[in-house]
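Here are the chains, one letter per residue:
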Amino acid sequence: MKKILAFAGSNSKTSINKQLAIYAASKVDNTTFETVDLNDFELPIYSFEIEENGFPLAAQEFNNKLASYDGFVVSLAEHNGSYAAVFKNIFDWVSRIDRKVFKDKPVLLMATSPGGRGGISVLDTAKNTFPHLGGAIAATFSLPNFYDNFKDGKIDDSTLNNDLLAAVKEFKSALEANNM
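Definitions and cut-offs
Residues numbered from 1 in each chain as written. Predicted model: local features only at pLDDT ≥ 70, side-chain atom pairs only at ≥ 80, totals over all residues. Heavy atoms only, no water. Buried < 20%, exposed > 50% of the residue type's maximum accessible area, 1.4 Å probe, protein only. Helix = DSSP H or I, 4+ residues; strand = E, 2+ residues; numbered from the N terminus. 1 Å grid on protein atoms, 1.4 Å probe; cavity = no way out; pocket = protein on both sides within 12 Å on 5 of 7 lines; lining within 4 Å. Points joined across faces, edges and corners; volume = space filled by probe spheres on them. Nonpolar A, V, L, I, M, F, W, Y, C, P; charged D, E, K, R; others polar. Polar contact = N/O pair within 3.5 Å; in protein donor to acceptor, adjacent residues only side chain to side chain. Phe/Tyr/Trp six-rings, centres within 6.5 Å; stacked < 30°, edge-to-face > 60°. Lys NZ or Arg CZ within 6 Å of the ring centre and 35° of its normal.

### Observations concerning unusual backbone geometry
Turning to step 1, where the next piece is worked out: Residue Lys103 is not a glycine yet carries a positive backbone phi of 60 degrees.
Turning to step 2, where the next piece is worked out: On the basis of relative accessible area, Lys103 is assigned to the buried category, the value being 12%.
Turning to step 3, where the next piece is worked out: The phi torsion at Asp152 lies on the positive side, around 55 degrees, for a residue other than glycine.
Turning to step 4, where the next piece is worked out: Structurally, Asp152 is set in the loop between β8 (150-151) and β9 (154-155).

### A word on empty space enclosed by the protein
Turning to step 1, where the next piece is worked out: Scanning the entire structure with this criterion turns up one cavity of 30 Å³ or more.
Turning to step 2, where the next piece is worked out: Forming the boundary of the largest cavity are Ala8, Ser10, Ser12, Ser15, Lys18, Val36, Asp37 and Leu38.
Turning to step 3, where the next piece is worked out: Its residues assigned to classes, the lining of the largest cavity comprises three nonpolar, three polar and two charged.

### Quick notes on helix α1 (residues 16-26)
The α-helix winds at 3.6 residues per turn, so residues separated by three or four positions along the chain end up facing the same way.
Turning to step 1, where the next piece is worked out: By the burial criterion, the buried members of α1 are Ile16, Asn17, Leu20, Ala21, Tyr23, Ala24 and Ala25.
Turning to step 2, where the next piece is worked out: Backbone nitrogen of Asn17 and a side-chain oxygen of the N-cap are separated by 3.1 Å at the start of α1; the cap is Ser15.

### Considerations on the packing of aromatic side chains
What characterises a pair of aromatic rings is the spacing of the ring centres plus the angle enclosed by the ring planes.
Turning to step 1, where the next piece is worked out: If you walk through the whole model with that rule in mind, you get 15 aromatic pairs.
Turning to step 2, where the next piece is worked out: Ring centres of Tyr83 and Phe87 lie 5.0 Å apart, and the angle between their planes is 40 degrees; this geometry places the pair in the tilted category.
Turning to step 3, where the next piece is worked out: Three or more aromatic residues joined by ring pairs make a cluster, and in this case those are Phe7, Phe41, Phe62, Phe72, Tyr83, Phe87, Phe91, Phe102 and Phe130.
Turning to step 4, where the next piece is worked out: Sitting over the face of the ring of Tyr69, Lys3 holds its NZ or CZ atom 5.0 Å from the ring centroid.

Here's what the structure looks like:
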């Protein structure tokens, strides 16, 4: 049985992106999934000078965690049209340990926000960046107006839910096809 890791590119304790990642991961049949909170990997802001002293243990632990899964469900928070600082920082560190952060494994890439664009700007950035970091993007999904469309732990709007389920199906196919 394939194992997937679900997480949000956010350090919010009540992350709407984490809620979406958990919901999406729960829809991937015949897999097990774990969630991780980026707050559990406290790191200094990346700099070459700090790296010269070695890699922080939290960066090494996160890299090892990524290596132990068959695929990833990632939902990105959007801050000023791009990645949240916590996400950017952890991936700056991990990419110095292993340029292929996602180990060439399938990724279901998502975003949500309280607004009508649903994090589409950060999704566009990630679509360009993740492949360079070893992320085999299997599918993408954007959930606009989170608080209107996500209720009681699930997507309330049937059209949006069907769109997510279609993305999950594409991710599942990529996961099954990947023999890593």
